[in-house]
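Below are the chains, spelled out letter by letter.
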Amino acid sequence: MLLKLYDKNNNPQDLQRVIDILNDGGLIIYPTDTMYAIGCHGLKERAIERICRIKEIDPRKNNLSIICYDLSSISEYAKVDNSVFKLMKHNLPGPFTFILNGTNRLPKIFRNRKEVGIRMPDNNIIREIARLLDAPIMTTTLPYEEHEDLEYMTDPELIDEKFGDIVDLVIDGGIGGIEPSTVVKCTEDEPEIIRQGKGWLEEN
């Protein structure tokens, strides 16, 4: 099912439909400020397990990431000291994933790794959904093979053709990008860029 949403002035019923799907443990595909992503309610373990199976990732070995609506909600799910808070405030919303130590507010599936990736994309559609859901959204990029044409990763109609059967909803937020987020590890004394993507980190 394909649902067209816009940066602003969306029909509240359309947004509520998305929230209901997430609250029911459903999976959605949505735009971010980097690539289209697949996600679910970040506190519903069964939905998270479904995504891990689709992506063929082992949550004991791979970090899982969540989208938070704002900085105050980040501190509920991750341990944030003053310097990291300033760094995030300076760079978010934006195309970054900050790796932090998770808190026990996250489901058990996250605690295998003790760390969590934090996203706050500069994309009004998914941030509005996170705000209305009032919970984090577990997020990961769409599965793709290295030899595949990336065009289908950017076009919501092609995404719906490919993944419509395995998710509950595909949000059409326009053409997406092909560059991933920049990953910044913030669990040691100094922040470390472990993957340079679209975002260029500005230090304080």
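Keep in mind that this is a model prediction, so the values were computed, not measured.

Time to look at the state of the cysteines. The full count for this structure, using the stated rule, is 0 disulfides. With no disulfide partner, Cys68 has as its closest neighbouring cysteine sulfur the one in Cys40, 13 Å distant. Of the residues examined, Cys68 reaches a relative accessible area of 2% and is grouped as buried.

Attention now moves to the pairing of strand E9 (residues 182–185). Pairing of strand E5 (residues 96–101) with E9, which is carried by 4 bridges, proceeds in the parallel orientation. Residue pairing in the sheet places Thr97 in a bridge with Val183 of E9. As paired strands, E9 and strand E10 (residues 192–195) are joined by 3 bridges and run antiparallel to one another. Pairing of Val183 across the sheet is with Arg195, part of E10.

A separate point is the UniProt feature "domain: YrdC-like" (unreviewed entry) in the chain. With numbering aligned to this structure, UniProt lists the feature "domain: YrdC-like" (unreviewed entry) at residues 12–199. End C-alpha atoms of residues 12–199 are separated by 31 Å, and the span's content is 35% helix alongside 21% strand.

Relative placement of two packed helices is described by the angle separating their axes and the distance separating the axes. Put simply, helix H1 (residues 12–23) and helix H6 (residues 124–133) touch, their axes get as near as 10 Å, and they point 60 degrees apart. As for the relative orientation of H1 and H6, their crossing is right-handed in sense. Contact with H1, carried on its side by Leu15, Val18, Ile19, Leu22 and Asn23, involves Glu128, Ile129, Leu132 and Leu133 of H6 and no other residues of that element. Looking at the contact of H1 with H6 residue by residue, the class counts come to 7 nonpolar, 1 polar and 1 charged.

By volume, the largest pocket amounts to about 640 Å³. Taken together, 27 residues make up the lining of the largest pocket; nearest its centre are Lys55, Ser65, Thr140, Thr141 and Arg195. Secondary structure elements with two or more residues in the lining of the largest pocket: strand E4 (65–67), E5, strand E7 (137–141) and E10. By residue number, the principal contributor to the lining of the largest pocket is E7, which donates 4 residues. A breakdown of the residues in the lining of the largest pocket according to their chemical character gives 14 nonpolar, 10 polar and 3 charged. As a volume, the second largest pocket reaches approximately 150 Å³. Around the second largest pocket, the lining comprises 11 residues; the ones closest to its centre are Ser83, Val84, Leu87, Asp189 and Pro191. A breakdown of the residues in the lining of the second largest pocket according to their chemical character gives 4 nonpolar, 2 polar and 5 charged.

Take the nonpolar core next. Core analysis: the largest hydrophobic core is formed by 42 residues, its most contacted members being Ile29, Ile74, Phe98 and Phe110. By residue number, the principal contributor to this core is helix H2 (residues 45–55), which donates 4 residues. What Ile29 contacts, discounting residues up to four positions off in sequence, is Tyr36, Ala37, Ile38, Leu142, Ile159, Phe163, Val167, Leu169, Val170 and Ile171. The next biggest cluster of nonpolar side chains, apart from the first, holds 20 residues, and it includes Leu3, Leu5, Leu15 and Ile67.

For the rest of this paragraph, the subject is the sheet that holds E5. The sheet built from 10 strands is open, its strands ordered E1-E8-E2-E3-E7-E4-E6-E5-E9-E10 with mixed pairing. Two strands bound the open sheet, and with one partner strand each, they are strand E1 (2–4) and E10. Averaged over all pairs of adjacent strands, the angle between strand axes in this sheet comes to 35 degrees, irrespective of strand direction. Two strands pair when backbone bridges link them, and E4 and strand E6 (residues 115–119) are joined in this way by 3 bridges, in the parallel orientation. Within the sheet, the bridge partner assigned to Ile67 lies in E6 and is Arg119. Sheet strands touched by H2: strand E3 (37–41) and E7. Its angle to E3, the strand with the most contacts, is close to 155 degrees. Each of strand E2 (28–30), E3, E4, E7 and strand E8 (169–172) touches H6; the most contacted strand, E7, lies at about 155 degrees to it.

The residue Asn23 is located in helix H1 in this model. Sequence-distant contacts of Asn23, defined by excluding residues within four places in its chain, comprise His41, Lys44 and Leu133.

Quick notes on the rules
Residue numbers here run from 1 along each chain, matching the order of that chain's written sequence. Given that this is a predicted model, residues contribute local features only at a pLDDT of at least 70 and side-chain atom pairs are listed and counted only at 80 or more, while totals for whole chains, interfaces and linings are drawn from all residues. Computation of side-chain values: all heavy atoms of the structure, hydrogens and water removed. Two cysteine sulfur atoms form a disulfide, by the criterion used here, when they sit within 2.5 Å. Using a 1.4 Å probe on the protein chains alone, a residue whose accessible area is under 20% of its type maximum counts as buried, one over 50% counts as exposed, and one in between counts as partly exposed. Strands qualify as paired when DSSP identifies two bridges or more between them. Here a helix means four or more residues in a row that DSSP labels H or I, a strand means two or more in a row labelled E, and each is numbered from the N terminus. UniProt positions are given in the numbering used here, feature names are shortened, and annotations may be inferred rather than shown by experiment. Helix axes are fitted only over the stretch in contact, all axes being lines through C-alpha atoms; the angle between N-to-C directions runs from 0 to 180 degrees. For any pair of crossing helices, the crossing counts as left-handed if the nearer helix is rotated counterclockwise from the farther one by less than a right angle, and right-handed if it is rotated clockwise. Residues count as neighbours in contact if any of their non-hydrogen atoms are within 4.5 Å of one another. When residues are grouped by polarity, Ala, Val, Leu, Ile, Met, Phe, Trp, Tyr, Cys and Pro land in nonpolar, Asp, Glu, Lys and Arg in charged, and all others, Gly among them, in polar. Think of a 1 Å grid over the protein atoms and nothing else: a 1.4 Å probe that fits but is trapped marks a cavity, an open set flanked by protein within 12 Å on at least five of seven lines marks a pocket, and residues with an atom within 4 Å of a point count as lining. Grid points are joined across faces, edges and corners, and a volume is the space filled by probe spheres set on the points. By convention a nonpolar core is built from buried Ala, Val, Leu, Ile, Met, Phe, Trp, Tyr and Cys residues, the set being connected through side-chain atoms within 4.5 Å.

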